[in-house]
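# Examination of the molecular architecture
What follows is the residue order along each chain.
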Amino acid sequence: MRPDRTPTRITQAHLTESRGKGHIGESTLRPDGTLKVTGEFAYSSDLWHEDMLWGFTLRSPHAHAEIRSIDIGGALTLPGVHAVMTHDDLPAATHYGLEIHDQPVLAKDRVRYHGEAVAIVAADHPETARRAAARIEVEYAELPLVVDEATATAPGAPLLHPDRADHHAAHAPHPNVVHRQPVRRGDVAAARARADVVVRRDYEVGMQDQAFLGPESGLAVPAEDGGIDLYIATQWLHVDRDQLAPVLGLPPDKVRLTLSGVGGAFGAREDLSMQAHASLLALRTGKPVKIVYNRYESFFGHVHRHPAKLTYEHGATRDGRLLYVQARIVLDGGAYASSSPAVVGNAASLAIGPYVVDHVDVEALALYSNNPPCGAMRGFGAVQACFAYEAQMDAVAQELGLHPVEFRQRNAMAQGAAMPTGQIVDSPAPVAEILRRVRSLPLPPERAWETADGEADVRALPGGLSNTTHGESVVRGIGYAVGIKNVGFSEGFDDYSTARVRLEVIGGEPVALVHTAMAEVGQGGVTVHAQIARTELGVSQVTIHPADTRVGSAGSTSASRQTYMTGGAIKHTCEAVRQEVFRRCGAPGGDTELRLRDGKVVTGTGEVVADLTDVLGDDPIDIEKEFRHRPTEPFDLTTGQGSGHVQYSFCAHRAVVEVDTELGLVKVIELAAAQDVGKALNPLSVVGQIQGGSTQGLGLAVMEEIVVSDGARVRNPSFTDYLIPTILDTPTMPVDILELADHHAPYGLRGAGEAPTLSSTPAVVAAIRAATGLRLGRVPVRPEHLTGR
């Protein structure tokens, strides 16, 4: 290992120790943290305008039906109603979409999923808007349902998007297939003939919701210039604008978006929800319009994680070497495309995990169906694959009589390994090391629920305070898993971010103003961006400008990319500002011996050259620049070969669970993680990201699923029936962080937010398997899966 790649370990001291200046590498507290925990933070649902109206959306009760007529008369006669709009009232473009413009702003001839928007109402009170929507009479004629691969591709199956029928020839085997991506390498048939052990199994992943706590909301304000100002909680201001402008019939410069407080996202805010509806109503009425979804509406108003059915076959030699992997991954994309093509690309290219396998045959595809639309969610295609390939690794290890960690380590990729797409992993890939670390962590004590007098403290048992057991049928299991996730946008996408940095003197002190369009959704960018500016410019006072579309795009807050991309853009722009400072000091070419430190220009030996306030005077430096990562390329549609990803991230988990085998109840006792983050710009924030991602993976493992049944209808659109982990379900989470620099990335960092969501789910399920001896090929694991009842 080269000296510059020596790993470091983040300890508790790193999380509490700080020089108090907020530079790179320090655990700096969030500026919005206190406001959020005290309930004082202003979210988008708190927006207010004195003369605003309230919007409401009428949604379809059917999953697939023809719309024969819409009568809005009853709604218009209700006092307080200012506008009712249907598809026929749209002023310009009628469809939108992230990658494919296939989703109607308001349904016209038919609805394609339960909860699809049919009409919108603006009224002077939210209850009036709701009552008016209930008065709209829609005549439906139900149509045959497409709910799975069999009904989607059967002869004579209804074509959900017949206008895209010509698309399937190059990209998919059937018009109801959104996208298909194979990955082929080597000779699987020949490798199968040499295998000593072959394991083939089927797996299934349920539909998970992002379950952010702040519902979709925003305020659209018509402007004097005929444009619109939209204050919105989103993940990507500019892509929202670019979809909205054609729908509103406005040029992009007249559609201005400003980020409002975001109560979580996890992918669900990448697509439009109420943005177009509020803006259309505001332009129609000439008044500000606010829309806030309740929790029921929220479940219908955003995309979810793709449910998946997966078939995997692994072949290995007797000494524990993987020979081949064959896999088929079918993702249900629901009624509209959203980001399904990119999710398919991730699922296919990451389908075998962080292992060296010479012979690979993978097919991944996403379907159109009448189920709820699915798109981006933390982990983005890699989560579904990781559950299956890690279950396979456990199954093959068991067949070989090897410890599951040892088997993984024998096949773990390292720097220089080739992905099944042919791409060489040219940065550290410490898969064996992070597995070793989680395995070596101390285990929690056995029977910790047993008190000194031999009784059971029921609070520590599966079922908790419900007093379901006193430990009679409780068994313990330990499970391991590791995953690989790409960082940043892939497959040739022009992935860039923009930053504007202004350095000026205010009140006799140099101050930096950082302006980007980055959506702060809880990942901590507002903290890291200030740390970068302080580090690069040597100033203590840094102000973060509110994110809006008055600066160039920052891309989406997704794909673990914002610290890499917008952080990189700020670093890049600060370097340009610094060079201008040096030029003003008489070094036209930029003197590499000069530094900015504590508000002064100094030499490499620390000699003060000038005070920064004197250099700036009344002439601020104001620079805007774009930053791009190294280019990627599309995957070949036949072979899947290509350097499609810019960076990879790795995380390993060890789960310790206790299971009540009689009642089918599970308690996760500990969920330990080890992850390489390249460079922890803010160690406290990094640990928070890893623990948060681990908790979402735990939720998928044992409780989270949107249930769709009885005519493709959503059965549990509420937090009463859709369960997410609470503090009582969240275990101790030790985190071991490695810092192995990726020399391609700013500061050597590696995107960290998604990888823990991958491996936490299969680790928890592996632990349940170890405790019960059951195969458990589906998540979430339900009590009936454990009891057979």
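Source: prediction; values computed, not measured.

If you tally the helices and strands in the chain, you get 20 helices and 32 strands. The globule rule puts the C-alpha radius of gyration for 789 residues at 28 Å, and the 27 Å found for the chain is close to it. Projected onto the principal axes, the alpha-carbon positions of the chain cover approximately 80 × 75 × 65 Å. Buried positions account for 61% of the 789 residues belonging to the chain. The contacts in the chain between residues at least 6 apart in sequence include a share of 79% that link residues at least 24 apart. When the accessible surface of the chain is totalled, it reaches about 29100 Å², and 51% of it is carbon and sulfur. Separation of charge centres in the chain, based on 72 positive and 96 negative side chains, amounts to 3 Å.

Here we come to the side chain of serine 649. As for its placement among the helices and strands, serine 649 is situated in strand S27 (residues 647-660). On the basis of relative accessible area, serine 649 is assigned to the buried category, the value being 1%. Polar side-chain contacts of serine 649 include one of 3.0 Å to the backbone oxygen of glycine 751.

On to the pairing of strand S19 (residues 474-487). Consecutive side chains of a regular strand alternate in pointing toward one face of the sheet and then the other. The buried fraction of S19 amounts to 12 of the 14 residues, a majority that puts the element mostly inside the structure. Across 14 bridges, S19 lies against S27 in antiparallel orientation. By the bridge assignment, lysine 485 is partnered in S27 with serine 649.

Quick look at the pairing of strand S3 (residues 65-71) now. Strand direction decides the pairing type here: S3 and strand S7 (residues 110-111), joined by 2 bridges, are antiparallel. Note that in S7 the partner of alanine 65 across the bridge is valine 111. The pairing of S3 with strand S9 (residues 137-142) spans 6 bridges and is classified as antiparallel. Considered in S9, the bridge of serine 69 is made with glutamate 139.

Right, let's talk about the sheet that holds S7 for a bit. Read across the open sheet, the 3 strands follow the order S7-S3-S9; overall the sheet is antiparallel. A single partner strand is all that each edge strand has here, and the edge strands are S7 and S9.

Another point: the pattern of salt bridges. Evaluation of the coordinates by the stated rule reveals 46 salt bridges. The salt bridge partner of glutamate 127 is arginine 130, with a shortest N-O separation of 2.4 Å. Of this pair, glutamate 127 and arginine 130 both sit in helix H4 (residues 126-135), 3 residues apart, roughly one helical turn. Its relative accessible area of 34% is what places glutamate 127 among the partly exposed residues. With a relative accessible area of 38%, arginine 130 lands in the partly exposed category. Among the ionic contacts, a cluster of salt bridges with common partners joins Arg30, Asp32, Lys36 and Glu520.

A residue-level look at the chain finds 96% of positions with pLDDT of 70 or above and a mean pLDDT of 94. pLDDT under 50 marks residues 1-20. Its contacts with residues more than four places away, or in other chains, come to 38 contacts.

On to the packing of helix H13 (residues 404-411) against helix H14 (residues 431-440). Interhelical geometry of H13 versus H14 gives an angle of 165° and a closest axis separation of 9 Å. Considering their axes alone, H13 and H14 lie roughly antiparallel with respect to each other. Handedness of the H13/H14 crossing: left-handed. Contacts from Val405, Glu406, Arg408 and Gln409 in H13 reach Ala432, Leu435, Arg436 and Arg439 in H14. Partitioning the contact of H13 with H14 into residue classes produces 3 nonpolar, 1 polar and 4 charged.

The next thing to look at is the sheet that holds strand S17 (residues 322-332). Within the open sheet, the 6 strands sit side by side as S10-S18-S17-S16-S11-S32. Their pairing is mixed. The open sheet has two edge strands with one neighbour each: strand S10 (177-185) and strand S32 (778-779). Alignment of S10 against strand S18 (residues 359-367), held across 8 bridges, turns out to be antiparallel. What sits directly across from valine 183, in S18, is valine 362.

Tallied over the entire structure, the rule returns 11 aromatic pairs. For the pair tryptophan 236 and phenylalanine 489, a centre-to-centre distance of 5.6 Å together with 25° between the ring planes defines the contact as stacked. With a gap of 253 residues between them, tryptophan 236 in the loop between strand S13 (228-232) and helix H8 (237-248) and phenylalanine 489 in the loop between S19 and strand S20 (496-506) connect regions that are remote in the sequence. Comparing tryptophan 236 with phenylalanine 489, the two get one shared label, buried. In textbook terms, an aromatic cluster arises when at least three aromatic residues are bridged by ring pairs, as seen for Trp236, Phe489 and Phe493. Directly above the aromatic system of tyrosine 747 lies the positively charged group of lysine 571, at a separation of 5.3 Å from the ring centroid.

Further remarks concern helix H12 (residues 382-400). Spanning 19 residues, H12 covers 26 Å between terminal C-alpha atoms, matching the ideal 27 Å at 1.5 Å per step. Most of H12 sits out of view: 17 of its 19 residues are buried. Phi for glycine 401, located one or two positions after H12, is positive at around 75°.

Remark: H12 packs on H13, axes separated minimally by 9 Å, with the N-to-C direction vectors making an angle of 105°. Taken together, the axis directions place H12 and H13 in an arrangement best described as roughly perpendicular. Seen from H12, the contacting residues are Glu390, Met393, Asp394, Val396, Ala397 and Leu400; seen from H13, they are Pro404, Phe407 and Arg408. Of the residues belonging to the contact of H12 with H13, the class tally is 6 nonpolar, no polar and 3 charged.

Right, let's get into unusual backbone geometry. Cis peptide bonds are those with omega within 30 degrees of zero, and the linkage from valine 779 to proline 780 qualifies with 0°. With respect to the helices, strands and loops of the structure, proline 780 is situated in the loop between S32 and helix H20 (783-787). Its identity as a non-glycine residue notwithstanding, aspartate 710 has a phi of 50°, on the positive side. Among the secondary structure elements, aspartate 710 is positioned in the loop between strand S29 (708-709) and strand S30 (713-714). Accessibility expressed as a relative area gives 54% for aspartate 710, which makes it exposed. Backbone geometry at tyrosine 747 places phi at a positive 60°, although glycine is not the residue there. Residue position: tyrosine 747 is located in the loop between strand S31 (735-738) and helix H19 (755-772).

Analysis parameters
Residues numbered from 1 in each chain as written. Predicted model: local features only at pLDDT ≥ 70, side-chain atom pairs only at ≥ 80, totals over all residues. Heavy atoms only, no water. Helix = DSSP H or I, 4+ residues; strand = E, 2+ residues; numbered from the N terminus. Rg over C-alpha atoms; globule rule 2.2 N^0.38 Å. Buried < 20%, exposed > 50% of the residue type's maximum accessible area, 1.4 Å probe, protein only. Contact = heavy atoms within 4.5 Å. Areas by Shrake-Rupley, 256 points an atom, 1.4 Å probe, with all protein chains shown as cover. Lys, Arg positive; Asp, Glu negative; His and termini not counted. Charge placed at Lys NZ, Arg CZ, Asp CG, Glu CD. Polar contact = N/O pair within 3.5 Å; in protein donor to acceptor, adjacent residues only side chain to side chain. Pairing = 2+ DSSP bridges. Salt bridge = Lys/Arg side-chain N within 4 Å of Asp/Glu carboxyl O. pLDDT = per-residue confidence, 0-100. Axes fitted to C-alpha atoms, helices over the stretch in contact; angles between N-to-C directions. Parallel < 35°, antiparallel > 145°, perpendicular 65-115°, else oblique. Left-handed = near helix turned anticlockwise from the far one by under 90°. Nonpolar A, V, L, I, M, F, W, Y, C, P; charged D, E, K, R; others polar. Phe/Tyr/Trp six-rings, centres within 6.5 Å; stacked < 30°, edge-to-face > 60°. Lys NZ or Arg CZ within 6 Å of the ring centre and 35° of its normal. Expected span 1.5 Å × (residues − 1).

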